[in-house]
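Chain residues, written in single-letter form:
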Number of protein chains: 6
Amino acid sequence: MVFVSRKEHFNAAHKLYNPKWTEEKNVEVFGPCANSNWHGHNFDLIVTVKGDPDPDTGFVVDLKKLSVLIKEQIIEKVDHKNLNMDVDFMQGKMASTENLVIEFWRILESKLPQITDNAVLHCLKLYETPRNFVEYYG
Amino acid sequence: MVFVSRKEHFNAAHKLYNPKWTEEKNVEVFGPCANSNWHGHNFDLIVTVKGDPDPDTGFVVDLKKLSVLIKEQIIEKVDHKNLNMDVDFMQGKMASTENLVIEFWRILESKLPQITDNAVLHCLKLYETPRNFVEYYG
Amino acid sequence: MVFVSRKEHFNAAHKLYNPKWTEEKNVEVFGPCANSNWHGHNFDLIVTVKGDPDPDTGFVVDLKKLSVLIKEQIIEKVDHKNLNMDVDFMQGKMASTENLVIEFWRILESKLPQITDNAVLHCLKLYETPRNFVEYYG
Amino acid sequence: MVFVSRKEHFNAAHKLYNPKWTEEKNVEVFGPCANSNWHGHNFDLIVTVKGDPDPDTGFVVDLKKLSVLIKEQIIEKVDHKNLNMDVDFMQGKMASTENLVIEFWRILESKLPQITDNAVLHCLKLYETPRNFVEYYG
Amino acid sequence: MVFVSRKEHFNAAHKLYNPKWTEEKNVEVFGPCANSNWHGHNFDLIVTVKGDPDPDTGFVVDLKKLSVLIKEQIIEKVDHKNLNMDVDFMQGKMASTENLVIEFWRILESKLPQITDNAVLHCLKLYETPRNFVEYYG
Amino acid sequence: MVFVSRKEHFNAAHKLYNPKWTEEKNVEVFGPCANSNWHGHNFDLIVTVKGDPDPDTGFVVDLKKLSVLIKEQIIEKVDHKNLNMDVDFMQGKMASTENLVIEFWRILESKLPQITDNAVLHCLKLYETPRNFVEYYG
């Protein structure tokens, strides 16, 4: 079994703000991340799938198809968007990288069979900054 | 003369939107960068000063002092902020990296003498993404 | 005046081989770079233009248009190609990064007016590897 | 148990082309990667071994020896080479990164005991580009 | 379960020298790393914790608190220090990255409960250089 | 004229300490950089030369020869060394990156004619950390 990864990126605005809490508590917990007028990041998303290489192609998965799938299913929905306001699958959730990566997994796991009957989703790695990142294995 | 550089970073939201234009024209010119609910970036700012090294310290400028100056004069005003709404020196200007770097220059050029009587500002380099960046020499 | 840069990339094969020389002299001068069956690189190309920001857009140049221009005029002609065999503007020239960057300049300088009447080409920076790179200012 | 990694690099040409298929089918499946005159990459290879640190040296493995082993057993055979034509252990196989990393594993697993009786091979990570990479655990 | 990581850095001097051995044997085994007057590195430390995101914050762990903990417990003790001479928890041990990462684990595992009752330590990754690094999972 | 650059690296220990000053003044000016037991860095050195490409080779300079020159003249003298104690050309000077880059220039400018009668030294860029670096043009 070989693990194959593709990196894509998107730029988005968000804030960390719990509407059940007072403004004071939000600032206490989230600090500048709670800034009411938003802030933003250049996110990097690494999608890893696993499987056996196909003898005819040498591929576990066609990385061009995987790149298109990630762009259509994830990047187009979040790039140059507000993660709190513009993204349907984040409605009612805190816009943390932890919650983002879980939602990305749900989407990609269900769509991956469109491009492969060989490979399965293994890991998503999401960088919010070069210093802060999360990983999810389902 | 030696050129000395310090890199700092900040995360901010912005949009590119000209209020003199219609919504349609803004979308036509700026595309997804005009998204009304904002998007954002991890910006990297490299400040370069030039001068002769001081024989007693070997320094053109004390980089710890330069780092503090950049943080106090620039980073605190833009980090985890909305560049269109929250930043006084960007009021009435398009929030492009070109305009940002010009305003950063005005501030840093006037404040640099607080930490050095030897070095002068040479260049600011501002990365909006690893693929898009601007430089300004005053 | 502000300097604005856009980074693109391409993957290509080449070899360094002077047909006027013997095989022995080619190996002596170029070492493994003369390998008759080619080798290759992931090239990074940084295009820098300069000009005054437009007050209506805040832009020296629209980086989306610059990106499209670089892709159409350069990347499509060299990406996943053999620089010695497949690229018309390199015929009869040594496929060094020095010669590549000079040819890229000729093309981009002549085509840049298609997307701007404000900015002019300032510098091309071409990475053959993260350790070897060239710059050209025309 | 501690995991210890060493990164090396090589530059090579290859193409993805299945000789059992027509030219049309190769282009359909592999796109520009099937370019008959080759293309190439700067590959990065990260070799990870695992074991307990030796009390006398503090080392799981001597990274200088591991570096020499990787260079002698892998890098010298693929650097500035054509992966389809010049590399004995890739004969008759598709020159994909998946197949490359499997062959690298076979070689390094058999040669690692030459430099250590303590550490065993854990993982190979092979970057074809900064955006596309594979991992193999045997 | 989501894995969350924070990267910090420090700059330190060290040498690899076993006092039980002769000078000759130290040079034979450690080469230039045994230089009696020391050498040094810019170390990068990535701390990974794992747990379920808190529904109220979206966080596995507050990365600001994790950053402060790493700085107080690790960075302040090793940054701009001599790892052999100045660091109490390295006394009597070879100053290898393997031994460093094991000691860092002992400290962080015991202190992590101060900032979270949800997340546990999963992995430490320590870069001595961009080419040499170690990982430890306890 | 084309500018050609080569990147090399070395790891060294140093401290910033002016022997004409008291211990207190050294700590006041240099902070943790004055730590008496040293600290260290992974330095990156980028050497840029300029000239016209040779029609027979396509080269401004043979980068393999430039790499060997840098290693013989600079890297071997500073790698895994103490910049204050072990390096002859730094005796009696503050071991700042500013002073290092000036000394490197003197050496390389005088030795470059050994490998080229075409190219001249243009710039040295020395990274002490990814955030602090200096440039020198002679």
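Scroll up to find the structure this text is about.
This structure is a prediction, so every number in the text was calculated from the model and none was measured. (Residues numbered from 1 in each chain as written. Chains lettered and ligands numbered in written order. Predicted model: local features only at pLDDT ≥ 70, side-chain atom pairs only at ≥ 80, totals over all residues. Heavy atoms only, no water.)

The next subject is the relation of the copies chain A and chain B. Two copies of the chain are present, and they differ by a rotation about an axis and a shift along that axis. Laying chain A over chain B is done by rotating through 180° and shifting 0.0 Å along the axis; what remains is an RMSD of 0.0 Å. Within this description, the copies of the chain are treated as partners about a two-fold rotation axis. (Least-squares fit on C-alpha atoms with pLDDT ≥ 70 in both.)

All right, on to helix 1 (residues 23-30) of chain C then. All names here are of chain C. The set of residues buried in helix 1 consists of N26, V29 and F30. Taken end-on, helix 1 shows its buried residues confined to a sector of 75°, consistent with a single buried face. Away from its buried face by more than 90 degrees, helix 1 exposes E24 and E28. Looking at the residues trailing helix 1, positive phi occurs at G31, about 60°. (Buried < 20%, exposed > 50% of the residue type's maximum accessible area, 1.4 Å probe, protein only. Helix = DSSP H or I, 4+ residues; strand = E, 2+ residues; numbered from the N terminus. Arc of directions from axis to C-beta.)

At the junction of the two partners, chain B supplies 20 residues and chain C supplies 20 residues. Counting each side, the surface lost to burial between chain B and chain C is near 1,600 Å², with a carbon and sulfur contribution of 56%. Three residues, E98, R131 and F133 of chain B, lead the burial of chain B against chain C; their summed loss comes to 32% of the area buried on that side. The interface formed by chain B and chain C holds one salt bridge in total. Among the ionic pairs, K20 of chain B bridges to D56 of chain C, the shortest N-O distance being 3.0 Å. (Contact = heavy atoms within 4.5 Å. Buried area = accessible area lost by both parts, 1.4 Å probe. Salt bridge = Lys/Arg side-chain N within 4 Å of Asp/Glu carboxyl O.)

With that out of the way, let us pick up the packing of aromatic side chains. Taken as a whole and judged by the stated rule, the model has 48 aromatic pairs over all chains. Aromatic side chains F30 of chain B and F59 of chain C sit 5.6 Å apart centroid to centroid with 85° between the ring planes, which places their arrangement in the edge-to-face category. Remark: F59 of chain C occurs in the loop between strand 2 (39-51) and helix 2 (63-78) and F30 of chain B occurs in helix 1 (residues 23-30); the pair is interchain, linking two chains. Summarising the burial analysis for this pair, F30 of chain B and F59 of chain C share the class buried. With centroids separated by 6.0 Å and ring planes inclined at 80°, the aromatic side chains of F89 of chain D and F104 of chain D adopt a geometry described as edge-to-face. Pair noted here: F89 of chain D is in the loop between strand 3 (81-82) and helix 3 (97-111) and F104 of chain D is in helix 3, with a separation of 15 residues, a long-range link. On the basis of relative accessibility, which here comes to 13%, the residue F89 of chain D falls in the buried class. Taken together, the aromatic side chains of F10, F43, F89 and F104 of chain A make up a single cluster linked through ring pairs. A cation over an aromatic ring shows up here: K15 of chain A above the ring of W38 of chain A, its NZ or CZ 4.5 Å from the ring centre. (Phe/Tyr/Trp six-rings, centres within 6.5 Å; stacked < 30°, edge-to-face > 60°. Lys NZ or Arg CZ within 6 Å of the ring centre and 35° of its normal.)

With that settled, the discussion passes to the relation of the copies chain B and chain C. For the pair chain B and chain C, the superposition axis carries a translation of 0.0 Å, the fit reaches an RMSD of 0.0 Å, and the rotation angle comes to 120°. Both chain copies can therefore be described as sitting about a three-fold axis. Considering only C-alpha atoms, the residue of chain B closest to the rotation axis is P130 of chain B, which sits at 8.5 Å.

All names here are of chain A. Running from N to C, helix 2 (residues 63-78) and helix 3 (residues 97-111) cross one another at 150°; their axes reach a closest spacing of 10 Å. The angle between helix 2 and helix 3 falls in the class roughly antiparallel. In this structure, the crossing between helix 2 and helix 3 has a hand that is right-handed. Within the contact between the two elements, helix 2 uses L69, I70, Q73, I74 and V78 and helix 3 uses F104, I107, L108 and K111. (Axes fitted to C-alpha atoms, helices over the stretch in contact; angles between N-to-C directions. Parallel < 35°, antiparallel > 145°, perpendicular 65-115°, else oblique. Left-handed = near helix turned anticlockwise from the far one by under 90°.)

Looking now at the arrangement of the chains. In this structure chain A stays clear of chain C, and the shortest span between their C-alpha atoms is 14 Å. For chain D and chain F, which are not in contact, the least C-alpha distance works out to 14 Å.

For F3 of chain C, the location among the structural elements is in strand 1 (residues 2-14). Accessibility expressed as a relative area gives 11% for F3 of chain C, which makes it buried. The sequence separation of F3 of chain C and H122 of chain C amounts to 119 residues, and the corresponding C-alpha distance is 7.9 Å. When sequence neighbours within four positions are dropped, the list of residues in contact with F3 of chain C reads F133, V134, E135 and Y137 of chain B together with T48, V49, K50 and H122 of chain C.

Note that every value here comes from positions in space, so none of it alone points to a role or purpose.
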